[in-house]
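# An overview of the molecular structure
Chain by chain, the residues run as shown.
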Amino acid sequence: MRIVLVVGCIMAITSVASAMDLRQMQLASGLVEIITKSEPCGYEIDVAALEAYYAGEGLATPEVLSFISDGVSLSGFDGEPSAADCTLARTTARSIGVLTQ
């Protein structure tokens, strides 16, 4: 059952990703990492700043929303992030201005 769910999510992501350009896909993938690592890595996201970044970078489309949502769902299959994963996600969140102070 779990494999069927993963395959279905991958197929959905592939079809959504085809409607996005490379830049949008890279930005959305980065946001998935920042969002999914926040809790296990112990940092908080400033929701207002995330909203401003999301809209300001041209990501406020149904396709990008679906891509991010699917990525967040699939992250449940990942193990705990490593210290390096946490450092990269936290540093990136800080550099784009979405980390709470």
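Residues numbered from 1 in each chain as written. Predicted model: local features only at pLDDT ≥ 70, side-chain atom pairs only at ≥ 80, totals over all residues. Heavy atoms only, no water.

It is worth spelling out the confidence of the model for the chain at this point. Residue-level pLDDT values for the chain average 87, and 82% of them are 70 or greater. In the model of the chain, helix H1 (residues 2-17) stands out as the element of lowest mean pLDDT, 51, in contrast to helix H5 (residues 83-95), which has the highest, 97. Across residues 12-16, confidence stays below pLDDT 50; counting only partners more than four residues off in sequence or on other chains, it has eight contacts. (pLDDT = per-residue confidence, 0-100. Helix = DSSP H or I, 4+ residues; strand = E, 2+ residues; numbered from the N terminus. Contact = heavy atoms within 4.5 Å.)

To continue, consider the pattern of salt bridges. In total, this model carries two salt bridges according to the counting rule given. For Glu57, the salt bridge is made with Arg23, and the minimal N-O distance between the two is 2.3 Å. Separated by 34 residues along the polypeptide, Glu57 in the loop between helix H3 (47-56) and helix H4 (62-74) and Arg23 in helix H2 (residues 22-41) bring together distant segments of the chain. With its nearest N and O atoms 2.7 Å apart, the salt bridge here joins Glu33 to Lys37. (Salt bridge = Lys/Arg side-chain N within 4 Å of Asp/Glu carboxyl O.)

Glancing now at the side chain of Thr36. Topologically, Thr36 is positioned in helix H2. Exposure remark for Thr36: the relative accessible area of 19% places this residue in the buried category. A polar side-chain atom of Thr36 sits 2.8 Å from the main-chain carbonyl oxygen of Val32. Side-chain polar atoms of Thr36 contact the backbone oxygen of Glu33, separated by 3.5 Å. The contact partners of Thr36, leaving out residues within four places of it in the chain, are Val72 and Ser75. (Buried < 20%, exposed > 50% of the residue type's maximum accessible area, 1.4 Å probe, protein only. Polar contact = N/O pair within 3.5 Å; in protein donor to acceptor, adjacent residues only side chain to side chain.)

Residues three or four positions apart in an α-helix share a direction because the helix packs 3.6 residues into each turn. Listed as buried for H3 are Ala49, Leu50, Tyr53 and Tyr54. Projected down its long axis, H3 carries its buried residues within an arc of 135°, all on one side. Every exposed residue of H3 that faces more than 90 degrees away from the buried side is listed here: Ala48, Glu51 and Gly56. Check the buried side of H3 and you find it contacts H2 and H4. The opening residue of H3 is Asp46, an N-cap whose side-chain oxygen sits 3.1 Å from the backbone nitrogen of Ala48. Downstream of H3 by one or two residues, Gly58 has phi in the positive range, about 75°. (Arc of directions from axis to C-beta.)

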